[in-house]
Amino acid sequence: MPLLQDPLLIFSDLDGTLLDIHTYSWAPAADWLEKLQEHQIPVILYSSKTAAEMLAIQSDLGLDGLPFIAENGAVIQLDARWDDHPDAPRLINGAPHEEIVSVINQLRDQQGFKFTSFDDVEVKVVGEWTGLTRERATLARLHEASVTLIWRDSDERMAAFSEALDAVGLKFVQGARFWHILDARGGKDQALRWLAEQYRLREGVAPVTLGLGDGPNDAPLLDSVDYAVVVKGINRLGVPLQKDTPERVYHTRQEGPEGWREGLDHYFSS
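About the cut-offs
The numbering scheme is per chain: residues are counted from 1 as the chain's sequence reads. It should be noted that, the model being predicted, local features are given only for residues of pLDDT at least 70 and side-chain atom pairs only at 80 or more, the latter also being counted only at that level, while totals for whole chains, interfaces and linings use all residues. For the side-chain quantities, the full set of heavy atoms in the structure was used; hydrogens and water were omitted. Stacked, tilted and edge-to-face are the three classes assigned to paired rings of Phe, Tyr and Trp, where Trp is represented by its six-membered ring and a pair needs centres within 6.5 Å; plane angles under 30 degrees give stacked, over 60 edge-to-face, the rest tilted. Put simply, DSSP marks the helices as runs of H or I at least four residues long and the strands as runs of E at least two long, and each gets a number from the N terminus on. Whether a residue is buried, partly exposed or exposed follows from its accessible area with a 1.4 Å probe, protein chains only, as a fraction of its type maximum: under 20%, in between, or over 50%, in that order. Any Lys NZ or Arg CZ found within 6 Å of a ring centre and within 35 degrees of that ring's normal is scored as a charge over the ring. Any residue with an atom within 4 Å of a point lines the site, the site being either a cavity, points on a 1 Å grid over the protein atoms alone where a 1.4 Å probe fits but cannot get out, or a pocket, an open set with protein on both sides within 12 Å along at least 5 of 7 lines. Grid points are joined across faces, edges and corners, and a volume is the space filled by probe spheres set on the points. Residue type decides the class: Asp, Glu, Lys and Arg count as charged, Ala, Val, Leu, Ile, Met, Phe, Trp, Tyr, Cys and Pro as nonpolar, and the leftover types, Gly among them, as polar. The term nonpolar core refers to a set of buried residues drawn from Ala, Val, Leu, Ile, Met, Phe, Trp, Tyr and Cys, joined through side-chain atoms within 4.5 Å. An axis is simply a line fitted to the C-alpha atoms; with a helix, the fit covers only the stretch in contact. Between two such axes, the angle follows the N-to-C directions and lies from 0 to 180 degrees. Working rule for angles: under 35 degrees goes down as roughly parallel, over 145 as roughly antiparallel, 65 to 115 as roughly perpendicular, anything else as oblique. Residues count as neighbours in contact if any of their non-hydrogen atoms are within 4.5 Å of one another. DSSP bridges decide pairing: two strands pair if at least two such bridges lie between them.

Caption draft 1: Broad picture of the packing of aromatic side chains. All told, the structure shown has 14 aromatic pairs when counted by the stated rule. Both rings, one in Trp 82 and one in Tyr 199, keep their centres 5.0 Å apart while their planes meet at 70°; by these two values the pair is edge-to-face. With Trp 82 in the loop between strand 4 (75-77) and strand 5 (90-92) and Tyr 199 in helix 7 (residues 188-203), this residue pair connects regions lying 117 residues apart in the sequence. Each member of the pair, Trp 82 as well as Tyr 199, is classed as buried. Joined through ring pairs, the aromatic side chains of Phe 113, Phe 115, Trp 151, Phe 161, Phe 172 and Trp 179 make up one cluster. Lys 35 extends its terminal NZ or CZ atom over the ring of Trp 32, reaching a point 4.6 Å from the ring centre.

Listed below in structure tokens is the structure:
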């Protein structure tokens, strides 16, 4: 079991995990966030959200200056102290947003796929889809290396669309509410391993990693950490992990930030 005295890195999903999926509240997790800060344990957020959104959420949570993983791993924000790093302040991992938009619009024009991306609609509509304020919905449209969309076609057409993306080096990822397209070279698990290696190089010790997530798209990251918390979520299929053993994985009974707190209680309160 990990200890608070270990060289820990905690990687946390946002919507449905640290944040309530309906209200975006993190109140039940507040005490643990404060305790981790007291122990100087980085809480590294990861999400499909844009870097602009993540910076605002970091500020809300009191996590300013820490690394984060945005756009499902296509964007990696570095620790603010690493201003000498060649990739500072953040690494764009793969094809840029504009290039992906061009590819999928071409596929839509040529083959008639039905979807609506955040780029297709005004800020007001994004706010209606997400429940975000106008200010936060504006940030949600500032993609740097991915596209977020609502799929409006059949499962068969989705399979054909996914194959077409694979052929040009892109991948189609399902999130809690939306679908996301990013460079196949990116991913939350790759981003986690890259950040853990940066900490090892900087601090001279391999970190102990703990990840928390609630959805199937969190599985690659949760399979890549030393210890995992699967927060009970809305997805009926759960989170299928390759290494789902009681010694390494804890499944919470509670949802959202209550489950987040439950997971940390399991590993550290004893």
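Caption draft 2: View of the layout of surface pockets. By volume, the largest pocket is sized at about 670 Å³. Surrounding the largest pocket, 33 residues form its lining, Gly 175, Ala 176, Arg 177, Phe 178 and His 180 being those nearest its centre. Across the lining of the largest pocket, the residue classes tally to eleven nonpolar, 13 polar and nine charged. Approximately 220 Å³ is the volume attributed to the second largest pocket. For the second largest pocket, the lining is made up of 13 residues, of which Gln 37, Gln 40, Ile 41, Pro 42 and Leu 66 are closest to its centre. The element best represented in the lining of the second largest pocket is helix 1 (residues 30-38), accounting for three residues. In the lining of the second largest pocket, the residues fall into seven nonpolar, three polar and three charged.

Caption draft 3: Up close: the nonpolar core. Core analysis: the largest hydrophobic core is formed by 46 residues, its most contacted members being Leu 36, Leu 45, Leu 210, Trp 260 and Phe 268. Among the nonpolar cores identified, the runner-up in size contains 23 residues, and Ile 76, Ala 191, Val 225 and Val 230 belong to it.

Caption draft 4: Focus on the packing of helix 1 against helix 9 (residues 256-269). Two elements in contact, helix 1 and helix 9, have axes whose closest approach is 9 Å; the angle formed by their N-to-C orientations is 45°. Our classification of the angle between helix 1 and helix 9 gives oblique. Mapping the contact onto sequence places Trp 32, Leu 33 and Leu 36 in helix 1 and Trp 260, Arg 261, Leu 264, Asp 265, Phe 268 and Ser 269 in helix 9. Looking at side-chain class alone, the contact of helix 1 with helix 9 contains six nonpolar, one polar and two charged residues.

Caption draft 5: View of the pairing of strand 10 (residues 208-213). Among the six residues that make up strand 10, six are buried, leaving the element largely enclosed by the rest of the structure. In this sheet, strand 10 lies alongside strand 1 (residues 8-13) in parallel orientation, the contact comprising five bridges. Bridging from a neighbouring strand, Ile 10 pairs with Leu 210 of strand 10. Here four bridges tie strand 10 to strand 11 (residues 227-232), and the two strands are oriented parallel to one another. Directly across from Gly 211, in strand 11, lies its bridge partner Ala 228.

Caption draft 6: Seen up close, the sheet that holds strand 12 (residues 249-255). What the eight strands build is an open sheet, ordered 5-4-3-2-1-10-11-12; its pairing is mixed. For this open sheet the edge positions go to strand 5 and strand 12, each flanked by a neighbour on one side alone. Adjacent strand axes in the sheet meet at a mean angle of 15° when their direction is disregarded. In this sheet, strand 2 (residues 43-46) lies alongside strand 1 in parallel orientation, the contact comprising four bridges. Bridge pairing in strand 2 places Ile 10 opposite Val 43. Along the sheet face, helix 9 touches strand 1, strand 10, strand 11 and strand 12 and points at about 140° away from the line of strand 12.

Caption draft 7: Just the sheet that holds strand 9 (residues 179-183), in detail. Read across the open sheet, the four strands follow the order 6-7-9-8; overall the sheet is antiparallel. Looking at strand neighbours, the two that pair on one side only are strand 6 (115-117) and strand 8 (170-174), the edges of this open sheet. When the angles between neighbouring strand axes are averaged without regard to direction, this sheet yields 35°. The sheet contact formed by strand 8 and strand 9 spans five bridges and is antiparallel. Note on strand 9: the bridge partner recorded for Val 173 is His 180. Helix 3 (residues 97-111) rests against strand 6, strand 7 (146-151), strand 8 and strand 9 of the sheet, and its axis sits at about 35° to strand 7.

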